[in-house]
Amino acid sequence: GSATNVQITTLPVSSAGARHFGSTTLGPEDSTNFAGGLVFTLPDKTLLTADYYDINVRHRISLSQQFTVTAADIAAVPDLVNVGVGGQVQYFGNGFDTKTQGVDIVGSRLFYLGGAGQLNTQVALNYNTTTVPTYNPGFIDNARIVNIKHYAPNTRVNLNLDWRMGPFEALLHENYYGTFRD
C-alpha cells in the first residue's frame, strides 16, 4: 500500500466554488411535532401511560456530496486552486426531510410484600421508526438513508425493580435495545 493525501474543503454556501458545484442559499430547518398521551390509573397502585409522537423535520441541513476538482473547475473558478486538482469540495445545504413516529408505553405497580417489604416495579417500552420521505441525491445517497433509518434501535425496553425492607434497599435495572445498523 501507498497512501494518497486528498484535500477536502468545506466551502461557505455563498462562495464562488460552492456555487460552481451547485450550492443554493441555505434555509432554516422547519419541524412539525404532534404528540398525545393517555394515563390510566388502575386498582392496586397500578399506573399505565401511553404516548404517541410524530416529528417531521423538513429541509434538514447536511453536508453535500464531495465534488472532485478538475483543471477545468480551477479555470472556471480560480479560487479552487487552493484545493487543487484532485481535491474535493463540499458545502452545507438543505438536503432531506425526516419523519419520526413512535410510541412510549410505561407501566408501574407497587407490591406490598407484608413482612418482606415492598417492591416497586416499572416497565417502559419505546418503539419508533424514522423515514426519509424526500431527499436531494446530491446530499445523501441510499447508504446514508439506511443509516438514518437504522442508526438507533427501533425498540427499547427498560425494567426497573426496587425492593425495600426497613433500612435495606435493592435495585435491579435491565435494559434491552433492539438491533441497529451502521
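Residues numbered from 1 in each chain as written. Predicted model: local features only at pLDDT ≥ 70, side-chain atom pairs only at ≥ 80, totals over all residues. Heavy atoms only, no water.

Colleague: Pulling in residues and values, what's your account of the overall build of the protein chain?
Modeller: When its secondary structure is counted, the protein chain shows three helices and eight strands. Ordering the α and β elements of the protein chain from the N terminus gives β-α-β-β-β-α-β-β-α-β-β. Against the compact-globule benchmark of 16 Å for 182 residues, the protein chain has a radius of gyration of 26 Å, which places it well outside the compact range. Taken along its principal axes, the extent of the C-alpha atoms in the protein chain is 85 × 40 × 25 Å. Considering the protein chain as a whole, with its 182 residues, one finds that 28% of them fall into the buried category. Across the protein chain, the fraction of contacts at a sequence separation of at least 24, relative to all contacts at a separation of at least 6, is 66%. Accessible surface, the protein chain: about 11600 Å² in total, of which carbon and sulfur atoms supply 57%. (Helix = DSSP H or I, 4+ residues; strand = E, 2+ residues; numbered from the N terminus. Rg over C-alpha atoms; globule rule 2.2 N^0.38 Å. Buried < 20%, exposed > 50% of the residue type's maximum accessible area, 1.4 Å probe, protein only. Contact = heavy atoms within 4.5 Å. Areas by Shrake-Rupley, 256 points an atom, 1.4 Å probe, with all protein chains shown as cover.)

Colleague: Mind laying out the environment of leucine 113, listing which residues take part and the relevant values?
Modeller: Mapped onto the fold, leucine 113 is located in the loop between β5 (88-112) and β6 (118-131). With sequence-adjacent residues up to four places away left out, leucine 113 is seen in contact with Gln118, Leu119 and Trp163.

Colleague: Which residues make up the nonpolar core, and what values do they have?
Modeller: Core analysis: the biggest nonpolar cluster contains 17 residues, and Phe21, Val69, Leu80, Val89, Tyr91, Val132 and Ile140 have the highest contact counts within it. Counting only elements with at least two residues in this core, the list comes to β5 and α3 (142-150). When sequence neighbours within four positions are dropped, the list of residues in contact with tyrosine 91 reads Thr10, Leu11, Ala18, Phe21, Gly22, Ser23, Ser62, Leu63, Ser64, Phe67 and Phe139. (Core = buried A, V, L, I, M, F, W, Y, C linked by side-chain atoms within 4.5 Å.)

Colleague: Help me get a handle on a nonpolar patch on the surface, residues and values and all.
Modeller: A contiguous nonpolar patch, built from Leu38, Phe40, Leu42, Leu48, Ile105 and Leu125 and spanning about 470 Å² of accessible area, is present on the exposed surface. At three residues, strand β2 (residues 30-42) tops the list of elements feeding residues into the nonpolar patch. Here phenylalanine 40 shows up in strand β2. (Patch = residues over 30% accessible without salt bridge, like charges linked within 9 Å, V, L, I, M, F, W, Y side chains within 5 Å. Salt bridge = Lys/Arg side-chain N within 4 Å of Asp/Glu carboxyl O.)

Colleague: Give me the environment of arginine 19: which residues, what numbers.
Modeller: With respect to the secondary-structure elements, arginine 19 resides in helix α1 (residues 16-20). Along the sequence, arginine 19 and glycine 166 sit 147 residues apart, while their C-alpha atoms lie 71 Å from each other. Setting aside residues no more than four positions away along its own chain, arginine 19 makes contact with Val13, Ser14, Thr24 and Thr25. In this structure the side chain of arginine 19 is engaged in a polar contact, spanning 3.0 Å, whose partner is the backbone oxygen of serine 23. (Polar contact = N/O pair within 3.5 Å; in protein donor to acceptor, adjacent residues only side chain to side chain.)

Colleague: Please set out the pairing of strand β1 (residues 8-11) residue by residue, giving values where relevant.
Modeller: Each regular strand displays side chains that alternate between the two surfaces of the sheet. Only one face of β1 is buried, namely the one carrying Thr9 and Leu11, since none of Ile8 and Thr10 on the opposite face is buried. Bridge analysis of β1 against β5 gives four bridges, and the strand direction is parallel. Within β5, the residue paired with threonine 10 across the bridge is glutamine 90. (Pairing = 2+ DSSP bridges.)

Colleague: Help me get a handle on the pattern of salt bridges, residues and values and all.
Modeller: With the rule as written, the count across this model stands at four salt bridges. A salt bridge links aspartate 44 to arginine 109, with the nearest nitrogen and oxygen atoms 3.4 Å apart. Here arginine 109 lies in strand β5 and aspartate 44 lies in the loop between β2 and β3 (46-63), a separation of 65 residues in the sequence. According to the relative accessible area criterion, aspartate 44 is exposed, its value standing at 54%. Arginine 109 sits in the partly exposed class, given a relative accessible area of 29%. Arginine 164 serves as the salt-bridge partner of aspartate 162, at 3.1 Å between the closest nitrogen and oxygen. Through salt bridges that share partners, Asp162, Arg164 and Glu169 make up one connected network.

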